[in-house]
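The primary structure of each chain is shown beneath.
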Amino acid sequence: MATYSRLPGSVALITLQNPPVNALSAAVRQGIVDTVQRALKDPKVTSVVICGQNGKFCGGADIREFAGPMLGPPLVPMIHAIEAVDKPVAAAIEGVALGGGLELALGCHYRIAHSKALLGLPEVTLGLLPGAGGSQRLPRLIGLTAALDLITTGRQHDSSFFSSLHLLCVCSQSISSVCVSGQSLDSRRLSTLPCPCPPDVDSLLDKTMVKVRQRSRGALAPVACVQALMAAASLPYTQGMEKERDLLTTLFNSGQARALQYAFFSQRVVGKWSLPSGASWDNSAARTISKAAVIGLGTMGRGIVVALALTGISVVAVETQEKQLAEASQVVPAMLQREAGRRSLATPPGVISFSSNLQDVCEVELVIEAVFEDMSLKLQVFRHLTSVCRPGTLLCSNTSGLDIDRLAAVTQSPGLVVGMHFFAPAHVMKLLEVVYGPRSSPEAVATAMQLGKRMGKVSVAVGNCPGFVGNRMLKPYLEQANFLLEEGATPQQVDEVLEEFGFPMGVFRMSDLSGLDVGWRIRKEAGLTGPGVESTRTRQGRRYSPLPDQVCEAGRLGQKTGRGWYQYDGPGGRVARSDHWVNIFLEAYRAEHGLVARSIAPEEILERCLYALINEGFNILQDAMAAGPEDIDAIYVFGYGWPRHHGGPMFHAGQVGLGRILERLQHHHHNHPDVPHLKPSTLLRRLVAVGSPPVQKWREFINKERVHSQL
Ligand SMILES: CCCCCCCCCCCCC[C@H](O)CC(=O)SCCNC(=O)CCNC(=O)[C@H](O)C(C)(C)COP(=O)(O)OP(=O)(O)OC[C@H]1O[C@@H](n2cnc3c(N)ncnc32)[C@H](O)[C@@H]1OP(=O)(O)O
């Protein structure tokens, strides 16, 4: 709703009220219409100020309402009516003015903002465009060039940025004196102004279109944003508004908008974590950490040190290898300085001290072990930590998939052990998997989750199983990609299909980037390859592709060696080029194993890679290793490059249709009975059997099934 009050003198104050961000719900819009009418009718009122309750102007249209029928007064005519009134109306912006909130402010005649307020038009991140006149008014106020950048990226800025673009008036006169002076409002109505364009407007629009298509492959909204701004640059306001409405209608009805809005809410749902034990975000107290330590200063460890220091935590950075320590003590402060310069930090960065002595962690409250991915080494470190740390210190491991409970078992307080699985580069990547073992205490989980939030991460609580959630699902995906090579595909073909779907990198380019030896080492540890293991295509009772092992054995470890599934300009090269060696190698491999190459359709490539991954997601939900589909989807969007406009693997399954996913998995499993990952999960079958409920209902369904022991 919106409340009306009269300030001393002749100013009417309208306050938007819809906690927590005063989103423009039907009730708020109705409140605005009613209170503006009241102000207009009151002869004593000569000017109007619109503000938001609790220090927040407005977070935009109420996204929750997008799922249902549009009720209440529509936004576009409401804003237009405000712009048209003959009493000056000012938006007084505190906190945020985003999306429809900023569009409302653009319909006002004046805008005043608190220096810390954040403003922007982030609709593109929700698969939309600023559809309440924003795409037409903003360029008329700040010019086409600046508007293109703001609207196609959805970037938010503080008020000093917008003051410099003259979006805000630094009011030397009060609103009431504007009225008293009888200044005409004509020039304050943005819809009446021409759109300032640079001389090379066509080239600017063309270049922006190319850029947005490259940046977010397959995404509709950025393209529609450019089209709306083309209209602003070339058409009168009324026709521009028609174009805005048409584009918005198309976007609204697209699956992409639904996917992006789901992604917005799933990011928030995962913060409200719960464990099978009943412990949850609202019943578990977190400790506030001010001193931490990181053990191991390889790539991951260095990033973690920086991520911690950026939050103001002081860090003891330990590395026992002298050479590595010397290098890290040069590199890490520079990384920290660079990162601190990029962000506006609320507190100064924490102090980092470097040491080669594990004893130096004895005073810290939390330790993150980030040594080599080797269980015996990690066990050794945990044994040592439990003997040198103060009782009560939280011990965390950055393992990417090893058993947290085995590490906990060698400590004095297994309840204080959790996994904190960062993604490289750890100070940049948004995802953190917080892994709870059977003995991890709610306090330890809550502390790791809160620490992740402080570091600006999307933290997701996951259960302790090999590979946790992200890497466990990656396994069948990689496996299918390798099988496809055996059957006749090339790395480029597979990668192109996945990149066309929207992944920034296909599976083989991604493997080259991460280093092929990572998986090789894990497979050796699992006894799947290595000396003495027979070179067959069946291992440990299931189909196995030795292809990636053989590529490693040829000394091709990916970008770092200049050769992998592709060739590069040299070790560390970035540009992947197809390599004749790989084609010859694949042909020889197929000949050796009596395989006849066939032409494989892009649909089969996509289905086998994605549906195998999705199927594992259902198994993970069934095993209660993730609390709900939103957790899996957030992990894939924030950690594995899953295209956000496809929502996440589980959301995508719902959009494709669970029946269809089941049918295709059955088909592929029938063709490949020795591949267990293609066998449809029981949960998927159960969901199809009850009519394929929407993804938002799965959590409830799974919990009920569990109670009735159906899963
Ligand atoms: C069928 C064809 C029809 C076609 C025509 C239809 C015509 C319809 C006309 C529409 C016109 C379009 C209007 C406009 O252009 C569209 C928009 O405005 S879209 C919304 C744009 N705004 C945003 O994207 C802002 C999103 N929010 C944020 O970025 C952040 O929440 C924040 C505001 C910066 C605050 O951040 P934090 O303090 O960190 O808090 P949280 O993020 O955790 O949020 C707290 C709480 O609030 C909920 N929430 C936030 N914003 C909204 C919102 N806009 N609507 C609803 N709810 C919102 C959030 O989910 C959290 O909820 P909780 O998890 O606590 O339940």
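All values derive from a computational prediction rather than experimental measurement. (Residues numbered from 1 in each chain as written. Predicted model: local features only at pLDDT ≥ 70, side-chain atom pairs only at ≥ 80, totals over all residues.)

**Some words on the overall build of the chain**
Put simply, the test is: Helix and strand assignments come from DSSP, with helices taken as H or I runs of at least 4 residues and strands as E runs of at least 2, each series counted from the N terminus. We compute the radius of gyration from the C-alpha atoms alone; for a globule the expected value is 2.2 Å times N to the 0.38, where N is the number of residues. Any residue whose C-beta has 12 or fewer other C-beta atoms within 10 Å is treated as exposed, any with 20 or more as buried, and any in between as partly exposed, C-beta atoms being built from the backbone. Whether two residues are in contact is decided by their C-beta atoms, placed from the backbone, lying within 7 Å.
Along its length, the chain carries 28 helices and 18 strands. Taking 711 residues into account, the globule formula puts the C-alpha radius of gyration at 27 Å, and the chain, at 28 Å, falls close to it. The C-alpha extent of the chain, read off along each of the three principal axes, is 95 × 60 × 60 Å. Expressed as a percentage of the 711 residues in the chain, the buried residues total 47%. Once local pairs closer than 6 in sequence are excluded, the contacts in the chain between residues at least 24 apart make up 71%.

**Some thoughts on the nonpolar core**
The nonpolar side chains of soluble globular proteins are, as a tendency, buried together. What counts, and what does not: As used here, a nonpolar core is made of buried Ala, Val, Leu, Ile, Met, Phe, Trp, Tyr and Cys residues. They are joined through C-beta atoms within 7 Å.
In terms of nonpolar packing, the biggest core is built from 206 residues, with Leu229, Val315, Val367, Val418 and Val434 touching the most fellow members. Discounting residues that sit within four places of it in the chain, Val315 has contacts with Ala292, Ala293, Val294, Val305, Leu308, Ala309, Gly350 and Ile352.

**As for the site of the ligand**
Keep this limit in mind: Only the C-beta atom matters for this test: placed from the backbone, it must lie within 6 Å of a molecule or strand for the residue to be near it.
Close to the ligand lie 29 residues, the nearest being Gly60, Ala61, Gly99, Gly100 and Gly131. If you tally residues by element for the shell around the ligand, the top one is helix 10 (residues 237-252), at three residues.

**Description of the sheet that holds strand 9 (residues 291-295)**
Filter applied, for reference: Two strands pair under a simple rule: DSSP has to find at least two bridges between them. Where helices are involved, their axes are fitted lines through C-alpha atoms of the stretch in contact, as for all axes, and angles between N-to-C directions lie from 0 to 180°.
Strand order in the open sheet formed by eight strands is 11-10-9-12-13-14-15-16, with mixed pairing between adjacent strands. Lying at the two open borders of the sheet, with one neighbouring strand each, are strand 11 (352-355) and strand 16 (458-463). The sheet shows a mean angle of 25° between the axes of neighbouring strands, direction not considered. Alignment of strand 12 (residues 366-369) against strand 13 (residues 394-397), held across four bridges, turns out to be parallel. Residue pairing in the sheet places Ile368 in a bridge with Cys396 of strand 13. Docked against the sheet, helix 16 (residues 442-454) engages strand 13, strand 14 (417-422), strand 15 (431-436) and strand 16, running at close to 175° with respect to strand 15.

**Things to note about the UniProt feature "domain: 3-hydroxyacyl-CoA dehydrogenase NAD binding" (unreviewed entry) in the chain**
Quick reminder of the rule: UniProt positions are given in the numbering used here, feature names are shortened, and annotations may be inferred rather than shown by experiment.
Sequence positions flagged by UniProt for "domain: 3-hydroxyacyl-CoA dehydrogenase NAD binding" (unreviewed entry) are, in local numbering, residues 291-464. As annotated, residues 291-464 has a helix share of 38% and a strand share of 23%, and its two end C-alpha atoms lie 26 Å apart.

**Some thoughts on the UniProt feature "domain: 3-hydroxyacyl-CoA dehydrogenase C-terminal" (unreviewed entry) in the chain**
Here the UniProt-annotated "domain: 3-hydroxyacyl-CoA dehydrogenase C-terminal" (unreviewed entry) positions come out as residues 467-568 and 605-701. Taken end to end, residues 467-568 is 53% helix and 4% strand, and its two terminal C-alpha atoms sit 29 Å from one another. Its end C-alpha atoms 31 Å apart, residues 605-701 is made of 65% helix and 0% strand.

**Some thoughts on the pairing of strand 6 (residues 110-113)**
Side chains of strand 6 alternate between two faces, with Tyr110 and Ile112 and Arg111 and Ala113 buried alike. Both strand 4 (residues 89-93) and strand 6 contribute to a ladder of four bridges, which runs parallel. In the strand pairing of strand 6, Ile93 is matched with Ala113.

**Comments concerning the sheet that holds strand 4**
Across the sheet, which stays open at both edges, the five strands sit in the order 1-2-3-4-6 with mixed pairing between neighbours. Every other strand in the sheet has two partners, leaving strand 1 (2-6) and strand 6 as the edge strands with one partner each. This sheet shows a mean twist of 20° between the axes of neighbouring strands, independent of strand direction. Contacts between helix 1 (residues 26-41) and the sheet are confined to strand 1, strand 2 (11-16) and strand 3 (47-52), with strand 1 contributing the most and set at about 25° to the helix.

**So, helix 19 (residues 507-514)**
Among the eight residues that make up helix 19, six are buried, leaving the element largely enclosed by the rest of the structure. Close packing links the buried residues of helix 19 with helix 17 (470-487), helix 18 (491-501), helix 20 (516-525) and helix 23 (602-622). Remark: Gly515 follows helix 19 within two positions and exhibits a positive phi of approximately 105°.

**With respect to the environment of Ile82**
Following the sequence through the fold, Ile82 ends up in helix 2 (residues 75-84). Remark: the alpha-carbon pair of Ile82 and Cys108, spanning 26 residues in sequence, is separated by 6.4 Å. Among all residues touching Ile82, those that are not within four sequence positions of it are Val36, Val89, Gly107 and Cys108.

**Side note on the pairing of strand 2**
One ladder, built from five bridges, connects strand 1 with strand 2; its direction is antiparallel. Note that in strand 2 the partner of Ala2 across the bridge is Leu16. Hairpin connection of strand 1 to strand 2: four residues between the antiparallel strands, including Gly9 at a positive phi of 100°. Pairing geometry for strand 2 and strand 3, over six bridges, is parallel. Residue pairing across strands places Leu16 opposite Gly52, the latter belonging to strand 3.

**Quick word on the confidence of the model for the chain**
Basically, it comes down to this: Residue-level confidence of the predictor, termed pLDDT, takes values from 0 up to 100.
On average, residues of the chain score 95 in pLDDT, and 98% of them are at 70 or above. Here the predicted complex scores 0.94 on pTM and 0.98 on ipTM.

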